[in-house]
Amino acid sequence: MRVVRLDDEDDFDGWRTAARALAAERVPADQVLWQIGDAPTDLFAATAGTALPNRSLTVPKDFLGLAASVCLHRDPQRFSLLYALLLRVLVQPHILQDRADRRISVLRRMQQAVGRDVHKMHAFVRFRELTEGEQSRFVAWFEPDHHILRATAGFFVNRFATMHWSILTPEGSLHWDTRSLTEGPPAEKTDAPGDDPVEAIWKSYYASTFNPARVNSRAMLKEMPKKYWHGLPEAALIPSLVAGASQREREMIARLPTTPRRMGRRPDPS
Amino acid sequence: MAQLDIAQKLSILADAAKYDASCSSSGGKKRSSVGGKGIGSTSGGSGICHAYTPDGRCISLLKILLTNSCIFDCHYCINRRSSNVRRARFTAQEVVALTLDFYRRNYIEGLFLSSGIIHSPDYTMEQILEVARSLREDHDFRGYIHLKTIPDADPALVTRAGQHADRVSINVELPTRDGLHALAPEKSETRIENAMGFMQTAIADGADARRRYRYAPVFAPAGQSTQMIVGADTANDRDIVARAGRLYGQFELRRIYYSAFSPIPDASAALPPRRPPLMREHRLYQSDWLMRFYAFTPDEVGDAADPVTGMLPLDIDPKLAWALKFREQFPVDVNRAPKELLLRVPGLGPRAVQAIVQARRWRRLRLEDVGRLTVSLKKLRPFLITDDWRPISLTDRTDLRQLVAPQPQQLDLFAG
Ligand code: SF4
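Residues numbered from 1 in each chain as written. Chains lettered and ligands numbered in written order. Predicted model: local features only at pLDDT ≥ 70, side-chain atom pairs only at ≥ 80, totals over all residues. Heavy atoms only, no water.

**As for the interface of chain B and chain A**
Listed as interface residues are 60 residues of chain B and, on the opposing side, 55 residues of chain A. Where chain B abuts chain A, roughly 4,800 Å² becomes buried across the two surfaces, and 58% of that area is made up of carbon and sulfur atoms. Applying the counting criterion to the chain B and chain A interface returns 5 salt bridges. The residue Arg105 of chain B makes a salt bridge to Glu129 of chain A at a minimum N-O spacing of 2.7 Å. Across the chain B-chain A interface, the total number found is 28 residue pairs in polar contact (both at pLDDT 80 or more). Ranked by residue count, the leading element in the side of chain B that touches chain A is helix H1 (residues 6–15) of chain B, at 6 residues. Partitioned by chemical class, the residues of the side of chain B that touches chain A number 29 nonpolar, 15 polar and 16 charged. (Contact = heavy atoms within 4.5 Å. Buried area = accessible area lost by both parts, 1.4 Å probe. Salt bridge = Lys/Arg side-chain N within 4 Å of Asp/Glu carboxyl O. Polar contact = N/O pair within 3.5 Å; in protein donor to acceptor, adjacent residues only side chain to side chain. Helix = DSSP H or I, 4+ residues; strand = E, 2+ residues; numbered from the N terminus. Nonpolar A, V, L, I, M, F, W, Y, C, P; charged D, E, K, R; others polar.)

Here it is, written out as structure tokens:
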């Protein structure tokens with residue numbers, strides 16, 4: 001049994017280097033144990049595979065894209081599933097194109113789930129302004145489903161390059177000072193500011209742009225599931241906005257759970 | 001009257017803008033604020049919905065009017081001259097500040113600005129233009145801007161608007177000339193279409209100049225769109241689809257939005273007393289997708305409508321309606337049929353069709369393979385052949401609609 005220690009939950013580079021070396025030797029997937037950080041292994045016969053030779057392998061071009069996304073999935077089996085796929089791709093390169101294949105479709109679904117999580121994080125992060133002396137810093141609290149914090153940094157840097165901002169999550173935090181990005185430790189919701197006066201104006205916009213003659217909670221809930229509501233100031237208005245609508249809509253809203261679930265224990269949304 | 005504060009103005013002017021269905025921030029150029037003096041980025045692809053209202057609609061842009069005062073009297077519009085609605089007006093700087101405040105907090109990814117017509121078309125266009133100019137030039141804002149342009153405004157003003165905006169639009173409003181004449185007496189189909197033609201040329205010229213000179217000014221790189229109100233006049237679905245087909249062809253529109261006429265407070269007596277079902281709007285959007293992504297012609301979509309009333313069925317989608325009418329075209333063999341035929345199969349979308357075409361280069365597909373590419377096999381099964389599945393001939397089946405339609409109790413509506 002080989003043990004590979006990866007630096008982090010989203011250590012795609014580490015996975016790639018190790019997978020390349022193992023695959024070059026055609027080490028079977030069930031002979032490799034993928035571990036994150038220094039977590040102790042219960043496998044006492046394991047030999048640590050630290051010094052792996054750097055080999056190059058040719059894989060179809062969208063394999064790396066798939067692997068880079070799937071590495072961010074919260075499924076603990078992800079590194080192992082990807083390595084098994086890599087071995088298969090080396091023999092049957094076209095298999096990636098076959099989305100109807102059972103195992104490919106599992107990995108493509110994981111890729112989609114990560115993609116959706118990234119997209120929803122871009123959309124649903126809400127900054128609150130915090131005044132630090134002369135400066136303003138915009139701070140957000142967000143709970144992604146997968147290990148996507150670093151993967152979303154580029155988007156926020158591009159969008160808010162001239163702002164000072166921080167994004168806090170239960171797995172770590174990111175801070176941008178208009179020049180460089182730094183990483184910080186996991187945070188708590190209470191580390192983020194509790195209010196921002198602009199939220200009241202935003203909420204009055206949200207309420208006015210809604211057309212009560214067209215209420216359609218099902219469509220709203222599909223795209224903005226309740227698990228995100230606790231981070232969205234405008235979501236607090238939804239029950240009262242819908243209250244003016246039909247009984248059926250009201251019941252649909254009432255039936256859904258309100259409490260946000262913590263990281264790592266949620267059922268897969270997809 | 002007491003002075004309105006920003007939040008009060010915002011609720012009046014957002015309320016006045018909400019009947020416009022478009023809020024998309026898609027297309028155009030990719031931009032980033034890195035290296036600039038301000039904020040804002042665009043993906044160049046599909047936009048982001050930062051929130052959804054309880055009506056299921058996406059909020060990606062701050063969608064407001066500069067003012068809801070108007071010298072026109074379009075019957076379907078809450079802002080018409082004769083309406084008793086409360087009036088408000090933003091200054092250009094108020095809109096700029098609001099846009100930036102919302103943007104910084106990641107509530108929106110841009111601005112969609114429109115306005116009632118005050119004083120004159122040129123004056124109104126200048127006010128709209130000033131907001132866009134200030135955002136771009138004073139604040140180096142690189143987010144998305146969609147401007148509604150005024151059909152009768154000076155082309156020079158429209159040109160400048162297009163240099164700041166990602167997208168421009170003019171609403172054709174009603175699907176027919178008669179409808180427009182009856183419900184928007186001060187508007188003219190000819191003037192609207194001339195203005196759309198002008199913008200089409202400007203968009204094409206801008207794109208062309210960019211290809212030759214890197215720093216040439218572009219005009220609305222995300223193109224133009226329009227909106228039609230559905231159910232306020234007597235146009236049937238076939239009329240609407242035909243008009244949409246002509247508009248796409250003539251003006252290279254990126255999108256046409258359909259807005260089911262919505263009951264407005266203080267409605268005019270010239271309007272129908274009842275609103276159309278929202279499902280009608282939904283079916284029109286589906287027919288629009290058939291034309292844009294499934295290679296249906298407007299006539300083919302029209303074939304799915306009822307021959308007498310010209311209306312698309314409400315209980316089933318237009319693609320299924322077409323398939324039930326032309327059932328001799330089915331079943332289609334997933335392992336052999338050309339892409340165009342696969343796209344006609346109810347329940348198979350462009351992504352699934354693409355995946356089928358790719359997968360079958362390497363092996364033959366079974367029903368469970370197709371199942372992994374689609375949401376549900378139930379609707380598909382009668383229409384396709386796989387290695388391990390062949391339905392009975394569709395022309396022999398009398399219960400087909402019952403089998404695939406979501407509301408089998410409406411079977412008696414089926415005539416065909
Ligand atoms: S021109 Fe017509 S549609 Fe536009 S705001 Fe005025 S009344 Fe409404």
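Once the structure has been displayed, the description carries forward.
**So, the environment of Ala213 of chain A**
Tracing the chain through its elements places Ala213 of chain A in the loop between helix H6 (198–209) and helix H7 (217–223). Given the relative accessible area of 23%, Ala213 of chain A is considered partly exposed. Expressed as a C-alpha distance, the spacing of Ala213 of chain A and Gly244 of chain A, which sit 31 residues apart in the sequence, is 9.6 Å. In this structure, Ala213 of chain A is in contact with Ser262, Pro263, Arg275 and Leu278 of chain B, ignoring residues within four places of it in sequence. (Buried < 20%, exposed > 50% of the residue type's maximum accessible area, 1.4 Å probe, protein only.)

**Topic: the pairing of strand S7 (residues 224–230) of chain B**
All names here are of chain B. Counting buried positions along S7 gives 7 out of 7 residues, so the element sits mostly inside the fold. Side chains Gln224, Thr226, Met228 and Val230 project from S7 onto one buried face, and the interleaved Ser225, Gln227 and Ile229 project onto a second face that is buried too. Tracing the backbone out of S7, into helix H7 (residues 237–251) and back to the parallel element strand S8 (residues 255–260) gives a crossover that is right-handed. (Right-handed = clockwise from strand over helix to strand, strands pointing away.)

**What to know about the pattern of salt bridges**
Where side chains of opposite charge bring their charged atoms close, a pairing between them can arise. The final tally for this structure, using the stated rule, is 48 salt bridges over all chains. Asp13 of chain A serves as the salt-bridge partner of Arg16 of chain A, at 3.6 Å between the closest nitrogen and oxygen. You can see Arg16 of chain A and its partner Asp13 of chain A sitting in helix H1 (residues 12–24), 3 residues apart, about one turn around the helix. A salt bridge links Glu199 of chain A to Arg128 of chain A; the shortest N-O distance between them is 2.7 Å. On the criterion of sequence distance, the pair formed by Glu199 of chain A in helix H6 and Arg128 of chain A in strand S4 (residues 128–132) is long-range, its members being 71 residues apart. Taking the relative accessible area as the measure of exposure, Glu199 of chain A reaches 6% and is therefore buried. A residue is classified by how much of its surface remains accessible, and Arg128 of chain A, at 22% relative accessible area, is partly exposed. Salt bridges sharing partners connect three or more residues here, namely Glu129 and Asp196 of chain A together with Asp101, Arg104 and Arg105 of chain B.

**Thoughts on the packing of helix H3 (residues 121–138) of chain B against helix H4 (residues 155–164) of chain B**
Residues and elements named next belong to chain B. Viewed as axis vectors pointing N to C, H3 and H4 meet at an angle of 25 degrees, and their least axial separation amounts to 9 Å. In terms of their interaxial angle, H3 and H4 are classed as roughly parallel. Judged by the twist between their axes, the crossing of H3 over H4 is left-handed. Across the interface between the two elements, Asp122, Met125, Glu126, Leu129, Ala132, Arg133, Arg136 and Glu137 from H3 touch Leu157, Arg160, Ala161 and His164 from H4. (Axes fitted to C-alpha atoms, helices over the stretch in contact; angles between N-to-C directions. Parallel < 35°, antiparallel > 145°, perpendicular 65-115°, else oblique. Left-handed = near helix turned anticlockwise from the far one by under 90°.)

**Some points on the pairing of strand S4 (residues 110–114) of chain B**
Residue and element names in this part refer to chain B. Counting buried residues along S4, 5 of its 5 residues qualify, which places the element largely inside the surrounding structure. Here S4 shows two buried faces, one formed by Gly110, Phe112 and Ser114 and the other by Leu111 and Leu113. Bridge analysis of strand S3 (residues 62–65) against S4 gives 4 bridges, and the strand direction is parallel. When the bridges of S4 are listed, Leu65 appears paired with Ser114. Summarising the sheet, S4 and strand S5 (residues 144–148) pair through 4 bridges and their orientation is parallel. Its bridge partner lying in S5, Leu111 is registered against Ile145. (Pairing = 2+ DSSP bridges.)

**Quick notes on the environment of Lys18 of chain B**
Residue placement: Lys18 of chain B occurs in the loop between H1 and strand S1 (51–52). As for Lys18 of chain B and Leu65 of chain B, which are separated by 47 residues in sequence, their C-alpha atoms are 9.4 Å apart. The contacts of Lys18 of chain B, once residues within four sequence positions are left out, are Ser208, Thr209, Phe210, Asn211 and Pro212 of chain A together with Arg57 and Lys63 of chain B. Only 2.8 Å separates the side chain of Lys18 of chain B from the side chain of Asp15 of chain B, close enough to count as a polar contact.

**So, the domain arrangement of chain B**
Residue and element names in this part refer to chain B. Taken as a whole, chain B is organised into domain 1 (6–303) and domain 2 (318–404). Of note, the centres of domain 1 and domain 2, computed from C-alpha atoms alone, are 38 Å apart. Taken residue by residue, the interface counts 10 residues in domain 1 and 10 residues in domain 2. In total, domain 1 and domain 2 occlude about 880 Å² of area from one another, counting both sides; carbon and sulfur atoms represent 65% of this. In terms of surface lost to domain 2, no three residues of domain 1 exceed Tyr294, Phe296 and Asp303, which account for 59% of the buried area on that side. Between Arg344 and Glu300 there is a salt bridge, with the nearest N and O atoms lying 3.0 Å from each other. Remark: the boundary between domain 1 and domain 2 carries 3 residue pairs in polar contact (both at pLDDT 80 or more). Looking at the side of domain 1 that touches domain 2, the elements that each hand over two or more residues are helix H8 (278–293) and helix H9 (298–303). With 5 residues, the single largest contributor to the side of domain 1 that touches domain 2 is H8. Per-class residue counts for the side of domain 1 that touches domain 2 are 5 nonpolar, 2 polar and 3 charged. (Domains from an automatic or database assignment.)

**Description of the packing of aromatic side chains**
Within the structure shown, the criterion is met by 24 aromatic pairs over all chains. When the ring of Phe127 of chain A is compared with that of Phe160 of chain A, the centres are 5.5 Å apart and the planes differ by 85 degrees; the resulting orientation is edge-to-face. Residue Phe127 of chain A is located in the loop between helix H4 (102–124) and S4, and its partner Phe160 of chain A is located in the loop between helix H5 (149–159) and strand S6 (164–169); the two are separated by 33 residues in the primary sequence. Of the aromatic side chains, those joined through ring pairs into one cluster are Phe127, Phe155, Phe156, Phe160, Trp165 and Trp176 of chain A together with Tyr103 and Phe141 of chain B. Note that Arg344 of chain B overlies the ring of Trp322 of chain B, its terminal NZ or CZ placed 4.8 Å from the centroid. The ring of Trp389 of chain B has Arg381 of chain B sitting right over it, with the charged end atom 5.8 Å from the ring centre. (Phe/Tyr/Trp six-rings, centres within 6.5 Å; stacked < 30°, edge-to-face > 60°. Lys NZ or Arg CZ within 6 Å of the ring centre and 35° of its normal.)

**A few points about the confidence of the model for chain B**
All names here are of chain B. Of all residues in chain B, 95% attain a pLDDT of 70 or more, and the chain-wide mean is 90. Per-element averaging of pLDDT across chain B places helix H14 (residues 400–404) at the bottom with 71 and helix H2 (residues 92–104) at the top with 98. In the predicted structure, residues 408–416 sits below a pLDDT of 50 and forms 8 contacts with residues beyond four places in sequence or in another chain. Of the two predicted TM-score estimates for the complex, the pTM is 0.89 and the ipTM is 0.88. (pLDDT = per-residue confidence, 0-100.)

**A look at the sheet that holds S6 of chain A**
All names here are of chain A. One open sheet holds the 5 strands; their spatial order is S4-S5-S6-S7-S8, and the pairing between them is mixed. Because the sheet does not close on itself, it has two edges, and the strands there are S4 and strand S8 (181–184). Neighbour-to-neighbour, the strand axes of this sheet turn through a mean angle of 20 degrees, independent of strand direction. Pairing between strand S7 (residues 172–177) and S8: 4 bridges, direction antiparallel. Looking at the pairing, His175 lines up with Thr182 of S8.

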